[in-house]
Amino acid sequence: MGIKLGILGLGTVGTGTVQLLQDNIGRHSLLQLVEIYRVGVKSLDKPRDVTLPQSVLTTDLESIVNDPEVDIVVELIGGLEPARELILKAIQNGKHVVTANKAVISRFGTEIFTSANRQGVYVMLEAAVGGGIPVIQPLKQSLSVNRIHTVTGIINGTTNYILTRMQTEGSSFDAVLADAQKLGYAEADPTADVDGWDAADKISILASLAFGGRINREEVSCEGIRQVSKTDITYANNLGFVIKLLAIAKKVSPTSSTLSVRVHPTLVPKTHPLASINGVYNAILVEGEPLGQVMFFGPGAGAGATASAVSSDILNLVARVGSSEAAPLDPLLGCSHQDYCQIAPQNELTARFYTRFLTLDQPGVIGKLGTSFGQHGVSLESIVQTGFQDKLAEIVVVTHDVLEGDFKQALEEIRSFEAIHSIPSLLRVL
Ligand code: HSE
């Protein structure tokens, strides 16, 4: 007897998943047990790239999660509602769930996993982070014997594509974004991607798995790439860096369980493994003891890649649904986190900073900058003045690791100096 899937959504990922499952020869033989039983869509008349019997399609998504015949609900509609409600109903009805929905999981994970544990069902989410890259299962299983201290990711393809093109072509953010939208690499409303929200959802999920606790999504600080200018990309390049939107989750110190979880554009040394991840690709670098560094790299989006991740979750469930439904939840597959991780306030963290100042070109300005930073305990790695913009001198400062609060206080003082025209950029350095 087949394992019956109820798929919610037949967009790019839903279509890719149905195509993969229908074309199962040469893949794992367990996939042959899968039956695409119901598929929920918005419109029955829309032309599609898959052939499904008309009786499989329905616009009544609730009927799928309430159908006693359905074993696994595969949620691929995205967005917060009705996805959250449908997932919860499926769980309440005793169904396992596979989802690619990072927004729902990062915001409502507590509610969803508490309910899933109570009902003895799994909620699988390999496709929610990194598209086709296997990173959720490795964090749950293969890497879980390590003491992980840092997870650093390029986990948003749209922003990596934009930054890569700005870097290689010397173009502005607005010009590349407009072109990316024309080419289908950026959404018509690019907010979730370019403002870092998508990456923040994903790093919340990765942090939760890596550090074994729940993450309050509201505590994840998030800064996007709109303010990254081609001038900064050029300066960064000359100083030996590329600018990437990094999502970082790390222990604030080796002995502490407190985390720093954040997303921001970052100057990455050209020698760092993440510096060479370009275009729409994603990569996640996991660091821990005793393993050291391991990096996952691959396509972070796209129909086939994401379908691979969705189907691997389906496969994992098919293996279990087929055996004994009464078996207790496998702790390496389910979610057993009960407590929230503590997240450190941004001001108490240490970081390296890159700042660009526009100043009057007069004697003593660099000296005053250096003195103010020094008085606030901010140690500088380099300070250069190479260019002019409209008769204003352009001064670029890179700090050593400093307390963010000290750095911000120094900047406040410097901002009040008469010779300072403006501070157009403030970026972090890895
Ligand atoms: N919008 C995402 C990105 C793809 O640009 O990476 C799906 O997570």
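Residues numbered from 1 in each chain as written. Predicted model: local features only at pLDDT ≥ 70, side-chain atom pairs only at ≥ 80, totals over all residues. Heavy atoms only, no water.

**Q** Help me understand the overall build of the protein chain, please; the structure alone is not making it clear to me.
**A** Across its full length, the protein chain carries 13 helices and 17 strands. Its C-alpha atoms give the protein chain principal-axis dimensions of roughly 85 × 50 × 35 Å. A buried classification covers 54% of the 430 residues belonging to the protein chain. When contacts within the protein chain are restricted to residue pairs at least 6 apart in sequence, those whose partners lie at least 24 apart make up 72%. Total accessible area computed for the protein chain in this model is approximately 18600 Å², and 51% of it derives from carbon and sulfur atoms. Positive and negative charge centroids in the protein chain, built from 34 and 44 side chains respectively, lie 2 Å apart. (Helix = DSSP H or I, 4+ residues; strand = E, 2+ residues; numbered from the N terminus. Buried < 20%, exposed > 50% of the residue type's maximum accessible area, 1.4 Å probe, protein only. Contact = heavy atoms within 4.5 Å. Areas by Shrake-Rupley, 256 points an atom, 1.4 Å probe, with all protein chains shown as cover. Lys, Arg positive; Asp, Glu negative; His and termini not counted. Charge placed at Lys NZ, Arg CZ, Asp CG, Glu CD.)

**Q** Teacher, can you tell me more about the pattern of salt bridges here?
**A** Side-chain pairs of opposite charge can arise where the charged atoms are in close proximity. Scanning all chains against the criterion turns up 23 salt bridges. Between Asp201 and Arg217 there is a salt bridge; the shortest N-O distance is 2.6 Å. Of this pair, Asp201 sits in helix α9 (residues 197–211) while Arg217 sits in the loop between α9 and β8 (221–222), and the two are 16 residues apart along the sequence. By relative accessible area, Asp201 is classed as buried at 5%. Judged by relative accessible area, Arg217 falls into the buried class, the value being 12%. Connected via shared salt-bridge partners are Glu223, Glu404, Lys408 and Arg428. (Salt bridge = Lys/Arg side-chain N within 4 Å of Asp/Glu carboxyl O.)

**Q** When you look at the domain arrangement of the protein chain in this model, what are you seeing that I'm missing?
**A** Interface size, as often reported, equals the accessible area lost upon joining of the parts. Domain parsing of the protein chain yields domain 1 (3–132 + 303–321), domain 2 (136–298) and domain 3 (346–429). One C-alpha centre belongs to domain 1, the other to domain 3, and the line joining them spans 51 Å. (Domains from an automatic or database assignment.)

**Q** I keep staring at the side chain of Glu394 and nothing clicks. Help me out?
**A** Mapped onto the elements, Glu394 comes out in strand β15 (residues 392–399). Relative accessible area serves as the criterion here: at 4%, Glu394 is assigned to the buried category. A polar contact of 2.8 Å, which involves the side chain of Glu394, links it to the side chain of Arg356. A distance of 2.8 Å separates polar atoms of two side chains, one belonging to Glu394 and the other to Gln389. (Polar contact = N/O pair within 3.5 Å; in protein donor to acceptor, adjacent residues only side chain to side chain.)

**Q** Would you mind showing me how to read the packing of aromatic side chains here?
**A** The relative placement of two aromatic rings is captured by the distance of their centres and the angle of their planes. The tally for this structure, following the rule as stated, stands at five aromatic pairs. Aromatic pair Phe353 and Phe407: ring centres 4.2 Å apart, planes at 5 degrees, arrangement stacked. Residue Phe353 is located in strand β13 (residues 350–359), and its partner Phe407 is located in helix α13 (residues 404–415); the two are separated by 54 residues in the primary sequence. When sorted by exposure, Phe353 lands in the same class as Phe407, which is buried. Cluster of aromatic residues (ring-pair linked, three or more members): Phe353, Phe357, Phe373 and Phe407. The cationic tip of Arg84 hangs over the ring face of Phe108; the distance from NZ or CZ to the ring centre is 5.3 Å. Here the basic side chain of Lys368 rests over the ring of Phe417, its NZ or CZ set 4.6 Å away from the ring centre. (Phe/Tyr/Trp six-rings, centres within 6.5 Å; stacked < 30°, edge-to-face > 60°. Lys NZ or Arg CZ within 6 Å of the ring centre and 35° of its normal.)

**Q** Please clarify how α9 should be interpreted in this entry.
**A** Each α-helix winds once per 3.6 residues, and so residues spaced three or four apart point in a common direction. Taking 1.5 Å of rise per residue, the 15 residues of α9 would be expected to cover 21 Å, and the 21 Å separating its terminal C-alpha atoms lies within 8% of that figure. Of all 15 residues in α9, 14 are buried; the element is thus mostly enclosed. (Expected span 1.5 Å × (residues − 1).)

**Q** Whenever I open this one, the site of the ligand confuses me. Can you help?
**A** All residues adjacent to the ligand are Lys102, Asn156, Gly157, Thr158, Asp193, Asp198, Lys202 and Ala301. Asn156 is positioned with one of its side-chain polar atoms (N or O) 3.3 Å from an oxygen atom of the ligand. Measuring from a nitrogen atom of the ligand, one finds a side-chain N or O atom of Asp193 at 2.9 Å. When the ligand is considered free in solution it has 260 Å² of accessible area, and contact with the protein chains removes 79% of it. Among the secondary structure elements, those contributing two or more residues to the shell around the ligand are α6 (157–169) and α9. In the shell around the ligand, the residues fall into one nonpolar, three polar and four charged. (Near = heavy atom within 4 Å. Nonpolar A, V, L, I, M, F, W, Y, C, P; charged D, E, K, R; others polar.)

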